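Commentary on secondary and tertiary structure
Each chain, written out:
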Amino acid sequence: EDYYFDNMYFSKGTPLSVSDLSDSSVSVYPNPVQNTLNVSAATAIDQVSIFDLTGRRVLQATPKAASFSLNVADLNKGMYLVSLKVGDKEMTTKLVK
C-alpha cells in the first residue's frame, strides 16, 4: 500500500507561543469600562497593551505593579483586546467600552 501526505511542514526553531498567565490570578474590571480600567494580579504586571480589533495598539503602559488603574477615557466605544505580560508569560482578555 502507498501512503501520500499533503501539506506537511517541518521546521526547527523557537515556538511561536508563550506560556499563559492564569486567568484566576489576574482580574481586569469593570467590563464594560467607562473611564478607568482596574487590574489586580498575584504578581507585578510588567507591561499592559490595549489593541483595537484591527490590531492597532491604542494604549501601552509599564506599571510594574500587581494592582493599578489605567485611564481609558480617550478610547472610543467598542471592543478591545487587553494583553498583560509578566516576564515570558502573557494573558489576553476582551474589553468592552
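Please refer to the structure higher up on the page.
Residues numbered from 1 in each chain as written. Predicted model: local features only at pLDDT ≥ 70, side-chain atom pairs only at ≥ 80, totals over all residues. Heavy atoms only, no water.

Notes on the overall build of the protein
Along the backbone of the protein there are zero helices and seven strands. Sequence-ordered secondary structure for the protein, helices as α and strands as β, is β-β-β-β-β-β-β. Accessible area of the protein: about 7,100 Å², with a carbon and sulfur share of 50%. (Helix = DSSP H or I, 4+ residues; strand = E, 2+ residues; numbered from the N terminus. Areas by Shrake-Rupley, 256 points an atom, 1.4 Å probe, with all protein chains shown as cover.)

Description of the nonpolar core
Counting residues in hydrophobic clusters, the biggest one holds 21 residues, and the most contacted among them are Leu37, Ile50, Leu70 and Leu84. Of all the elements in the fold, those that place two or more residues in this core are β1 (26–29), β2 (36–45), β3 (47–52), β4 (57–61), β5 (65–71), β6 (79–86) and β7 (89–96). In this view, leucine 70 contacts Asn35, Thr36, Leu37, Val48, Ile50, Leu59 and Ala61; residues no more than four positions away in its chain are not counted. (Core = buried A, V, L, I, M, F, W, Y, C linked by side-chain atoms within 4.5 Å. Buried < 20%, exposed > 50% of the residue type's maximum accessible area, 1.4 Å probe, protein only. Contact = heavy atoms within 4.5 Å.)

With respect to the sheet that holds β1
Adjacent strands of a sheet pair through backbone hydrogen bonds, lying either parallel or antiparallel. With antiparallel pairing, three strands are arranged side by side in an open sheet as β1-β2-β5. The strands lining the two open edges of the sheet, one partner per strand, are β1 and β5. Each neighbouring strand pair of the sheet contributes to a mean axis angle of 15°, computed without reference to strand direction. Both β1 and β2 contribute to a ladder of four bridges, which runs antiparallel. Residue pairing across strands places valine 28 opposite valine 39, the latter belonging to β2. (Pairing = 2+ DSSP bridges. Axes fitted to C-alpha atoms, helices over the stretch in contact; angles between N-to-C directions.)

Some remarks on the pairing of β6
Regular strands have side chains that alternate between both faces of the sheet. Bridge analysis of β3 against β6 gives six bridges, and the strand direction is antiparallel. Opposite serine 49, over in β6, you have serine 83 as the bridge partner. Of the pairings in the sheet, the one linking β6 to β7 comprises eight bridges and is antiparallel in character. Bridging across to β7, valine 86 finds its partner in lysine 89.

Quick word on the sheet that holds β6
Strand order in this open sheet of four strands is β4-β3-β6-β7, and the pairing throughout is antiparallel. Looking at which strands have only one partner, the edges of the open sheet turn out to be β4 and β7. Sheet twist, expressed as the mean angle between neighbouring strand axes with direction ignored, is 20°.

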